[in-house]
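# A structural walkthrough
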Amino acid sequence: MLYPTLLFTALALFLKWIFTPPAKLRHLPRVSFFRVLWSYANKETEEARIRKLYIPFMQEKGEGVAISYALGRWLIHILDPKIWRTVADDAANWPKELPPSDMVFFRFVGTKNVVFSNGETWQKHSTVVHAALKRTLPIEQFTVLTQKLFKRMGDGGLIKWDHWTMRVALDAVGTTILGYDFEAVENDNSPFLKQYTTIMDALSIPLFLVFPIFDVWFPRKDLINNIDALIARFQAILDYKRENRGNDMLTYMLEEPSLTEEEYRHNMAAFFVAGHDSTAAALSTLVAYLAIYPAFQERARKEVIHALDNKDPDSHNLANMQFLYACVLEALRINTPFPFTAPRVSPTGATLHGSNGKSYYIPPNTSTVLSIASLHRNENNWSDAHTFNPERHLDTLTGKTKIDATIWVPFSRGPRQCPARNFAMYEMRTVTALLLQSWEWELPPGSPHAIAPQNVFSPFGLSSPKDLYINFTKRG
Ligand code: HEM
Ligand SMILES: *[C@@H]1O[C@H](CO)[C@@H](O)[C@H](O)[C@H]1NC(C)=O
Ligand SMILES: *[C@@H]1O[C@H](CO)[C@@H](O)[C@H](O)[C@H]1NC(C)=O
Ligand SMILES: *[C@@H]1O[C@H](CO)[C@@H](O)[C@H](O)[C@H]1NC(C)=O
C-alpha cells in the first residue's frame, strides 16, 4: 500500500509543480497548461495554437501578455501592439536570451553571429551585415534561379510545390549571400542539401527538443560528425571566397576585417538557417493562396504581364506591381513564417503598459517572446482577420500599398528586425512575378489545402505548408 500511495503523491506533486508557475509569475494571465498539453499532443501547429489559446487573451479579455508552459519552461507571450513596440524597439534593455549551451543546434549555428549576440558584439556584426546587404539587390540572380526551376518543372502537372520552394530558397541564399551554388534546384543529389536535411531531421526529433539534456547524456555521434562536416564545408567556402571575390554578401563581409574566422563561419550558418526555411515557407503560402483564390491570381497576372512587358523583372517594373506586392504582404500576415521571435529577457525586470491601460510587471531574466501571429490575427486590429484579402493592404485612393508597422510585423520591428527584409521581399516578388507570367495553377481536387494552406507541426515553430501539391499548366 505504501508504494502506490507514495507514487501517487509524488505524481500529484509533480503535476502540481508543473501546472503552477513560479511565484514570481503567478500575477500574470495564464494559458491553461492542459490546453497547451492537449494542443501539443494533437500536434497542432504553432499558428493554430496561438489563434486558439493566446489571441483570445488579447481579443476577448483585453490582456496584453499571457504566460504558458511549453517545451520545458514558462514563457511570457507579448500580445499587445503597444507592449510589443516597447520591447522590440528597446534592444538594449531587452537583449536576446542566451541560448542553452548544451543544445546541439548551437554546435551548428554557433552564437557568435548577428542572430544570437547582444550589445556591442551584436552592433559590430549588425553593421557589417547591413553594409553587405545594402550592396546587393540580386533580382537578376533570382530570375536566373527561377528559370532553372521552370526547366525542372518541365511541362507542369501535379508538382509538390513545398519541395521546390525549399530548393529555390536554399540556392537563393547560397548564390547571393554565400557566393556558392549548392545546385539544389538543378541537382537532385546535391550533397550539400542531403547533409543539411539529415542534420535538420535529427535536430527535429521531439524527444531531444523537449529534453536537450539528452544530447549531453547520450551524445549522437552521427549527428555531431555530420554537423562538423557541414562546418568544414562552410570553412572551405570561406577559404575559397578569400581568393575568389564575387558579387555576393560574403565577399563584401570579408572586406570588413573586424570579424574573426569563427565569427564569419557562425554568421554563414546563421544566414543559412534564418534565410532559407522562412522564405520557402512564405513562397509556399503565397502560391497556395493564389491557387485558392483564382480571381486574385488572375488579377496579379494581368498586372505582372502589363508591368513586365516581356522584359526581365527589375526594381522599376516590380514597383509597378502593387497588387502582387499586396498579395505578398497578405501572405506574410495570415500565415506568418515565424509565429514568434526568439526569447528576450530584461536583466533588471520591467513594468509594461498595454494599449488597454493595464500594466504588467515582468521579473528579471524571464523568457519573453514577441508573438507575431497574435498581432497578425487579432480581430480588434484586422477586419476579417482570418481571411486572405490582399486588398486590405491597398490604399483605395492612391492604389499604393500601405503597411502599419505596429500590427504588421513578419520581420519583427526595431533594431533586431530582419536585416534581409528587402532581400526576402524582392525574392518573393521576383519568383512570383515570373511564375504568374509563365504558369497558371490550381489545387487538385480534394486537396487538404483547399480552404487554407495547412502547416505541419514543426519543431522550430515555423509556419510552413507541407505536401502542398499544385497543378501547374504552362501558359501558351
Ligand atoms: C520571408 C522571409 C523572412 C522572414 C519572415 C524573416 C523574419 C525574421 C524575423 C521575425 C526576425 C527577428 C527574429 C527575432 O527577433 O528573434 C529575423 C531576423 C533575422 N533574419 Fe530574417 N526573415 C526572412 C528572411 C531572411 C533572409 C533571406 C535572411 C538572410 C539571408 C535573414 C536573416 C536574418 C538575420 C541575420 C536575422 C537576425 C537579425 C538580428 O538579430 O539583428 N532573414 N528575420
Ligand atoms: C539576471 O541575469 C544577469 C545576467 O546573467 C545577472 O547578472 C543578474 O544577476 C540576473 N538577475 C537576477 C535577479 O537573477
Ligand atoms: C489595435 O487594437 C488596439 C486595441 O486592442 C488599439 O489600441 C490600437 O490602436 C489598434 N491599432 C491599430 C493600428 O489598429
Ligand atoms: C491539371 O490541370 C489540367 C489542365 O487544367 C487538367 O487537364 C488535369 O486533369 C489536372 N490534373 C490534376 C491532377 O488535377
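Predicted, not measured: the structure shown is a model, and the values here were computed from it.

Each value, and the rule that gives it
Residues numbered from 1 in each chain as written. Chains lettered and ligands numbered in written order. Predicted model: local features only at pLDDT ≥ 70, side-chain atom pairs only at ≥ 80, totals over all residues. Heavy atoms only, no water. Pairing = 2+ DSSP bridges. Helix = DSSP H or I, 4+ residues; strand = E, 2+ residues; numbered from the N terminus. Axes fitted to C-alpha atoms, helices over the stretch in contact; angles between N-to-C directions. 1 Å grid on protein atoms, 1.4 Å probe; cavity = no way out; pocket = protein on both sides within 12 Å on 5 of 7 lines; lining within 4 Å. Points joined across faces, edges and corners; volume = space filled by probe spheres on them. Nonpolar A, V, L, I, M, F, W, Y, C, P; charged D, E, K, R; others polar. Phe/Tyr/Trp six-rings, centres within 6.5 Å; stacked < 30°, edge-to-face > 60°. Buried < 20%, exposed > 50% of the residue type's maximum accessible area, 1.4 Å probe, protein only. Contact = heavy atoms within 4.5 Å. Polar contact = N/O pair within 3.5 Å; in protein donor to acceptor, adjacent residues only side chain to side chain. Near = heavy atom within 4 Å. Areas by Shrake-Rupley, 256 points an atom, 1.4 Å probe, with all protein chains shown as cover. Core = buried A, V, L, I, M, F, W, Y, C linked by side-chain atoms within 4.5 Å.

## Quick word on the sheet that holds strand 1 (residues 65-70)
Strand order in the open sheet formed by three strands is 1-2-6, with mixed pairing between adjacent strands. One side of each edge strand has no neighbouring strand; the edge strands of this open sheet are strand 1 and strand 6 (368-370). Recorded for the sheet is a direction-independent mean angle of 35° between the axes of neighbouring strands. Of the strand pairs in this sheet, strand 1 and strand 2 (residues 73-78) are connected by six bridges, and their pairing is antiparallel.

## Quick look at the layout of surface pockets
Here the second largest pocket is characterised by a volume of approximately 240 Å³. Lining the second largest pocket are 15 residues; nearest its centre among them are Glu47, Arg51, Arg377, Ala452 and Pro453. Of the residues in the lining of the second largest pocket, the class split is seven nonpolar, five polar and three charged.

## Considering the packing of aromatic side chains
Inspection of every chain in the model, using the stated rule, returns 26 aromatic pairs. Relative to Trp74, the ring of Tyr69 lies with its centre 5.4 Å away and its plane at 65°, an arrangement referred to as edge-to-face. Note on accessibility: Tyr69 and Trp74 belong to one class, buried. Relative to Trp439, the ring of Phe150 has its centre 5.9 Å away and its plane inclined at 75°; by these criteria the two rings are edge-to-face. With Phe150 in helix 7 (residues 139-153) and Trp439 in strand 7 (residues 439-442), the pair connects residues that are 289 residues apart, well separated along the chain. The two residues Phe150 and Trp439 agree in class, both being buried.

## Comments concerning the environment of Asp80
Inspection of the secondary structure puts Asp80 in the loop between strand 2 and helix 4 (81-88). Of the residues examined, Asp80 reaches a relative accessible area of 0% and is grouped as buried. For the pair formed by Asp80 and Ser374, sequence separation is 294 residues and the distance between their alpha carbons is 8.2 Å. For Asp80, the residues in contact, after removing those within four places along its chain, are Met58, Gly64, Gly354, Ser355 and Leu375. A polar contact is formed between the side chain of Asp80 and the side chain of Ser355, at a distance of 2.4 Å.

## Quick word on the site of ligand 3
By nearness alone, every residue bordering ligand 3 is listed as Met58, Ser355, Asn380, Asn381, Asp404, Thr406 and Ile407. Within the complex, 56% of the 360 Å² of free accessible area of ligand 3 lies under protein.

## What about the nonpolar core?
The tendency in soluble globular proteins is for nonpolar side chains to be buried as a group. Residues Trp161, Phe234, Trp441 and Phe472 are the most contacted members of the largest nonpolar core, which totals 105 residues. With 14 residues, helix 14 (residues 261-292) is the single largest residue contributor to this core. Aside from chain neighbours lying at most four places away, what touches Trp161 is Leu149, Met153, Leu283, Ser284, Val287, Leu435, Leu468, Ile470 and Phe472. Formed by 23 residues, the second largest nonpolar core is a distinct cluster that contains Val65, Ile78, Tyr360 and Leu370.

## Topic: the sheet that holds strand 8 (residues 469-474)
For sheets, the rule is that strands pair by backbone hydrogen bonds, running either parallel or antiparallel. What the three strands build is an open sheet, ordered 3-8-7; its pairing is antiparallel. The open sheet has two free edges, formed respectively by strand 3 (156-160) and strand 7, since each of these has just one partner strand. For this sheet, the mean inter-axis angle between neighbouring strands, taken without regard to orientation, is 30°. Here strand 7 runs beside strand 8; their pairing, made up of four bridges, is antiparallel. Of the residues in strand 8, the one forming a bridge with Trp441 is Phe472.

## A word on the side chain of Asn335
Here Asn335 is to be found in the loop between helix 17 (322-334) and strand 4 (350-353). Residue Asn335 is classed as buried on the basis of its relative accessible area, which comes to 3%. At a separation of 3.0 Å, a polar atom in the side chain of Asn335 contacts the side chain of Thr285. In this view, Asn335 contacts Glu47, Thr285, Asn455, Ser463 and Pro465; residues no more than four positions away in its chain are not counted.

## A closer look at the pairing of strand 5 (residues 359-362)
The side-chain alternation of strand 5 yields one buried face, formed by Tyr360 and Ile362, and one unburied face, formed by Ser359 and Tyr361. The sheet contact formed by strand 4 and strand 5 spans four bridges and is antiparallel. Bridging across to strand 5, Ala350 finds its partner in Ile362. In textbook terms, the turn of a hairpin is the stretch between consecutive antiparallel strands, and for strand 4 and strand 5 this stretch comprises five residues, one of which, Gly357, has a positive phi near 90°.

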